[in-house]
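# Coordinates in review
Here's the letter readout for the chains.
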Amino acid sequence: MAEDRVVESVVNSEPHGPRTPFDDDDGDIIFQSADGVAFRLYKVILRKASSVFRDMLTLPDAGGTPAGEPQLVPLTEDADTLERLLRLVYPVERPAFKTLDELLPVMEAAKKYDIPVAANDTRRELEVLARKEPPLRAYAIACAHGMPDLARQSARLLVKEEDFLGLDALPPEIRHLPDALLAFARYRSRCRSALLNVLDQDHEWLRAGAHEHKVAYSRKGNPQMQNAWVWLRCQSGSCPSSLATFNTAWDGGWSTSSTTPRLWWVHYETAVKRTLMGGRLDGKGAVQKNLMETVLVECCETCAPHASAQLSEYALSLENRVERAIDDVSFEWPFAAMEEKAT
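No experiment lies behind these values; they were computed from the predicted model shown. (Residues numbered from 1 in each chain as written. Predicted model: local features only at pLDDT ≥ 70, side-chain atom pairs only at ≥ 80, totals over all residues. Heavy atoms only, no water.)

### Quick word on the pattern of salt bridges
One pass over the structure, following the stated rule, counts 21 salt bridges. Arginine 94 is the salt-bridge partner of aspartate 121, the closest N and O atoms lying 3.0 Å from each other. Of this pair, aspartate 121 sits in helix α6 (residues 116-130) while arginine 94 sits in the loop between α4 (79-87) and α5 (100-112), and the two are 27 residues apart along the sequence. The residue arginine 137 makes a salt bridge to glutamate 133 at a minimum N-O spacing of 3.6 Å. Overlapping salt bridges bring together Arg156, Lys160, Asp282, Glu323 and Asp327 as one network. (Salt bridge = Lys/Arg side-chain N within 4 Å of Asp/Glu carboxyl O. Helix = DSSP H or I, 4+ residues; strand = E, 2+ residues; numbered from the N terminus.)

Written out as structure tokens, the structure reads:
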């Protein structure tokens, strides 16, 4: 066993001098790290902090400690990990965790030795540090360590990234959690459906949405287009129309009418839909400056005075509608048992 070999190497090595502040002369036990650093400690504190240490200290000393000397206990953690762990249970300055590489070994040691105060503190630190990681790593950590709220928040950010499913370069925390990958795949699929629903209802929103450009109607139900979006009301012969027909029927149901949007706007609509339905499910695809600039050069003289402002207004609204729709998609936490434990 690898752990047995580590313990054997520690037992056979001479301990380095005690590490401050765990160097009290009257300490009644010595923990020795895997890299040979000694920690002179007090049994009473260890018993209070850890049920594993409490049970360990009831066992007879099998290491042949000389009479009058503190018992020497070899552990498998390195000195930095042990120091940070002990700082969480001793009345000394607490450790400052700057990276996950510093934190995760301490968190695992706190679980291994059943040290509740250290486990709780490292869990809180993990919440903070994981949020600074890229969404994929944060999601992986959240699933690996039973943090449903962080998993939901990370998944929401992750759908804005290129689809990572099927890639080899996955964070180590998630490689052996197929349920986490499946949960995200289902969530992403629902987000995509929500985005599609916004796009499917877009023409209706243009006609009758909560904006100042919606189509007005006469008392007889005839559409009044003077305040409508410029790409719907422009009738200039120099502004090519599309082949698409845009329904402007009155909600009363007894009048039917339609108009043909200008071709430049249809080009923009097509480009935006292609962008939004690409790898990133991100409403910001609607407001990409290059997409708008490309179609605005196609405007006629009638459209030109209003096209830029109205297209920007429309794009911003589409971005907001897409983001709200995805925000409303539920994320199903795949580890119900872990969630109950976390709460």
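Resuming the write-up.
### Description of empty space enclosed by the protein
Taken as a whole and judged by the stated rule, the model has 1 cavity of 30 Å³ or more. The computed volume of the largest cavity comes to approximately 40 Å³. Taken together, Leu199, Asp202, Tyr268, Glu269, Val272, Lys273, Tyr314 and Leu318 make up the lining of the largest cavity. Those elements that provide at least two residues to the lining of the largest cavity are α12 (263-276) and α14 (304-327). No other element matches α12, which puts 4 residues into the lining of the largest cavity. Of the residues belonging to the lining of the largest cavity, the class tally is 5 nonpolar, no polar and 3 charged. (1 Å grid on protein atoms, 1.4 Å probe; cavity = no way out; pocket = protein on both sides within 12 Å on 5 of 7 lines; lining within 4 Å. Points joined across faces, edges and corners; volume = space filled by probe spheres on them. Nonpolar A, V, L, I, M, F, W, Y, C, P; charged D, E, K, R; others polar.)

### Re the pairing of strand β2 (residues 38-41)
Along β2, one buried face is formed by Ala38 and Arg40 and the opposite face, lined by Phe39 and Leu41, is buried too. Here strand β1 (residues 29-32) runs beside β2; their pairing, made up of 4 bridges, is antiparallel. Residue pairing in the sheet places glutamine 32 in a bridge with alanine 38 of β2. Where β1 folds back on β2, the antiparallel hairpin that results is connected by 5 residues, among which glycine 36 adopts a positive phi of roughly 85°. (Buried < 20%, exposed > 50% of the residue type's maximum accessible area, 1.4 Å probe, protein only. Pairing = 2+ DSSP bridges.)

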